[in-house]
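# What the coordinates show
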Amino acid sequence: MKEFLVICALIAVGSTSEDIFFSEKNTPKPTFVPSVTLHNGSFFPKLDHFNPQDARTVEFQYRLNLDFYRDEGPLFVYINDGEQYTTEWIQEGLIVDIARELGGAVITSDHRYWRLNTPTESSSFDNLRFLTVDQAIADIATLIHTLRDHLSSSFPRVIVWGTGYGATLATFARKKYPHLIDGAFASSGLFRAEVSDESYFDNLSYNLRHHGSDECFGRVRNAFDILEYLIQNAEGDYLQERLRLCQPLEVDNDQEVGFLIERLVDYISAYIKQHNLFGLENFCRDMAYYNEDTLNSLIRWVLYIYDGPECYNIDYEEYIDELTQTNWDARFASRRALAYLRCTQIGAFRIPSDYEFTAFPQLLTDEYHYKFCEDILGEQYNRTSLQSAVDNLNLIYGGQEQVISHVIYTNAGLDPWISHGVSEYGLVESTAIFIQYAAAGADLSSISTEDSAELYRAKQLITEYVTRWAST
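Our subject in this report is the structure included herewith. It should be emphasised that the depicted structure is a prediction, and the values quoted were computed from it without experimental measurement.

## Concerning the state of the cysteines
Where two cysteines share a covalent bond between their sulfur atoms, that bond is called a disulfide. Under the criterion given, the structure shown has three disulfides. Paired through a disulfide, Cys-216 and Cys-284 show a sulfur-sulfur distance of 2.1 Å. One quick way to see it: the torsion about the S-S bond of Cys-216 and Cys-284 is about -75 degrees, and its sign makes the bridge left-handed. Highlighted residues: Cys-216 in helix 6 (residues 214–232) and Cys-284 in helix 8 (residues 254–287), separated in sequence by 68 residues. Pair check on accessibility: Cys-216 and Cys-284 agree, each one buried. Linked covalently through their sulfurs, Cys-343 and Cys-373 form a disulfide whose S-S length is 2.0 Å. Residues Cys-343 and Cys-373 are joined through a disulfide that is left-handed, its torsion about the S-S bond being -85 degrees. Taken together, the residues span a long stretch of sequence, with Cys-343 in helix 11 (residues 333–346) and Cys-373 in helix 12 (residues 366–377) at a distance of 30 residues. There is no split in this pair, since Cys-343 and Cys-373 are both buried. Sequence-ordered numbering of the disulfide-bonded cysteines in the protein chain gives the connectivity 1-3, 2-4, 5-6.

And the structure:
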């Protein structure tokens with residue numbers, strides 16, 4: 001039956017109807033927002049915080065917003081994650097609004113090994129050994145100590161916050177350095193480390209079905225069924241034409257196939273993250289455009305939303321060649337660093353669960369991810385050490401069993417990583433908040449009359465907690 005539906009859909013290719021879209025074109029936010037009101041600063045963490053015989057330090061950069069700062073005012077430190085650097089949240093948003101009221105300074109910095117904060121001459125495998133979660137958390141402590149020295153003669157209140165992996169770092173920093181940090185706001189944090197994760201695809205599929213419709217879930221699943229059928233039948237040239245690829249898909253190359261699948265899934269999830277429930281609903285409407293050819297509906301949507309290149313390059317070998325470059329001015333230097341961190345300590349390899357639960361194909365496997373790590377990091381990479389590193393991370397920092405005061409955990413219902421969050425919490429001056437119809441990071445922005453009732457209330461609670469912590 002599945003193969004019959006696929007064949008029927010292939011017959012329906014090529015509608016000439018005028019294109020109509022419900023979804024808005026993708027407008028990615030700039031990662032760096034120039035501003036004359038932001039100040040640059042330097043701090044000097046140790047290259048290796050945990051080797052007392054190694055006294056080497058490195059110069060790292062931070063950005064500082066002093067627009068509202070008054071003497072002895074609180075310090076608000078935004079923890080950027082490894083995937084994106086932005087100054088947006090030290091210039092606007094919920095915490096900036098609180099800083100305005102309390103006379104606070106707002107600060108952010110790159111994660112070590114990203115952008116300006118590169119502590120070694122290159123990103124060779126040996127040089128990347130100083131890239132760990134523990135080192136990054138110690139960098140936060142050094143930054144806060146530096147800021148206290150530079151901005152205050154006393155001990156101002158310090159609040160850290162972030163989203164995703166940045167929220168994880170903020171919480172762990174509060175846990176490890178409570179004498180430096182008075183509170184943490186963790187927006188959609190990831191606390192349960194796993195080598196392989198089935199929940200991401202399951203949660204994204206759940207959202208398509210329950211916040212979209214059964215029909216939307218079915219159309220997305222059928223689109224990937226058609227794609228899988230074409231791959232299995234060696235239609236690489238045909239897929240190049242349909243997907244507007246720069247070269248035929250190497251259908252017998254599991255790595256290139258997996259790379260394509262991840263790209264398509266990321267297009268969907270990134271759009272929902274930016275546009276929340278409204279974006280999900282409009283995506284589902286657009287998926288119904290070619291009712292008999294769901295793959296064509298998906299392709300049509302991707303080409304419209306992410307329009308830009310003349311063709312899409314999914315050449316896996318070319319991508320790996322870029323990621324193996326170890327000079328810091330290489331195009332994907334930060335992606336190489338992120339790959340190292342995932343491959344050696346935090347895992348989070350996305351794989352599908354049973355076909356019954358997911359809209360996405362069974363073509364992504366553990367082996368795909370391990371091979372990706374080996375291709376990037378070379379012969380020195382030891383895949384067998386990742387499981388023990390992940391287990392140790394959960395042991396040292398507690399995973400989802402967090403026991404620490406003065407932390408707000410928010411969980412967004414549309415976040416595919418929600419299964420890794422802290423959903424129940426009752427310790428003093430701490431709470432966990434579920435925001436049903438929001439995507440990850442939706443609670444970072446200022447309170448707005450356009451917020452849903454749940455999001456509006458969540459932002460009010462965050463404001464109440466953070467204001468109290470920063471004032472006492």
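Having seen the model, we can carry on.
## Observations concerning empty space enclosed by the protein
The probe, sized like a water molecule, is rolled over the atoms to show the empty space still left. Going through the model one piece at a time under the given rule, you end up with four cavities of 30 Å³ or more. Each pocket or cavity is described by its volume, and for the largest cavity that value is around 150 Å³. Lining the largest cavity are 16 residues, with Ser-109, Asp-110, His-111, Ala-136 and Ile-140 sitting closest to its centre. Elements that contribute at least two residues to the lining of the largest cavity include exactly strand 3 (75–79), strand 4 (105–109) and helix 3 (133–151). No other element matches helix 3, which puts four residues into the lining of the largest cavity. Along the lines of polarity and charge, the residues of the lining of the largest cavity split into nine nonpolar, four polar and three charged. Of the voids in this model, the second largest cavity is the one considered here, and its volume is about 130 Å³. As for the second largest cavity, its lining consists of 13 residues, and the residues nearest its centre are Leu-243, Leu-260, Leu-264, Tyr-267 and Val-302.

## Observations regarding the nonpolar core
One recurring pattern in soluble globular proteins: nonpolar side chains tend to sit buried together. Of all hydrophobic cores here, the largest spans 122 residues; its most connected members are Val-77, Phe-224, Leu-227, Phe-283, Leu-298, Trp-301 and Phe-360. The greatest single-element share of this core, amounting to 15 residues, is contributed by helix 8. In contact with Leu-298, not counting residues within four places along its chain, are Ala-223, Phe-224, Ile-268, Phe-283 and Met-287. Val-96, Leu-444, Ala-458 and Tyr-465 belong to the second largest nonpolar core, which has 29 residues in total.

## Some points on the pairing of strand 4
Counted residue by residue, strand 4 has five buried out of five residues, so it is predominantly covered. As judged from the four bridges shared by strand 2 (residues 60–65) and strand 4, these two strands associate in the antiparallel manner. In the strand pairing of strand 4, Asn-65 is matched with Val-106. Bridge analysis of strand 3 against strand 4 gives five bridges, and the strand direction is parallel. If you follow Leu-75 over to strand 4, its bridge partner there is Ala-105.

## Topic: the sheet that holds strand 5 (residues 158–163)
Spatial ordering of the open sheet is given by 1-2-4-3-5-6-9-10, a layout of eight strands whose pairing is mixed. Because the sheet does not close on itself, it has two edges, and the strands there are strand 1 (38–43) and strand 10 (431–435). Sheet twist, expressed as the average angle between the axes of neighbouring strands with direction ignored, equals 20 degrees. Relative to strand 2, strand 1 is paired through six bridges, and the arrangement is antiparallel. Looking at the pairing, Phe-43 lines up with Phe-60 of strand 2. Across the sheet, helix 2 (residues 94–102) lies against strand 3, strand 4, strand 5 and strand 6 (183–187), angled at about 165 degrees from strand 3, the strand it touches most.

What counts as what
- Residues numbered from 1 in each chain as written.
- Predicted model: local features only at pLDDT ≥ 70, side-chain atom pairs only at ≥ 80, totals over all residues.
- Heavy atoms only, no water.
- Disulfide = S-S within 2.5 Å.
- Helix = DSSP H or I, 4+ residues; strand = E, 2+ residues; numbered from the N terminus.
- Buried < 20%, exposed > 50% of the residue type's maximum accessible area, 1.4 Å probe, protein only.
- 1 Å grid on protein atoms, 1.4 Å probe; cavity = no way out; pocket = protein on both sides within 12 Å on 5 of 7 lines; lining within 4 Å.
- Points joined across faces, edges and corners; volume = space filled by probe spheres on them.
- Nonpolar A, V, L, I, M, F, W, Y, C, P; charged D, E, K, R; others polar.
- Core = buried A, V, L, I, M, F, W, Y, C linked by side-chain atoms within 4.5 Å.
- Contact = heavy atoms within 4.5 Å.
- Pairing = 2+ DSSP bridges.
- Axes fitted to C-alpha atoms, helices over the stretch in contact; angles between N-to-C directions.

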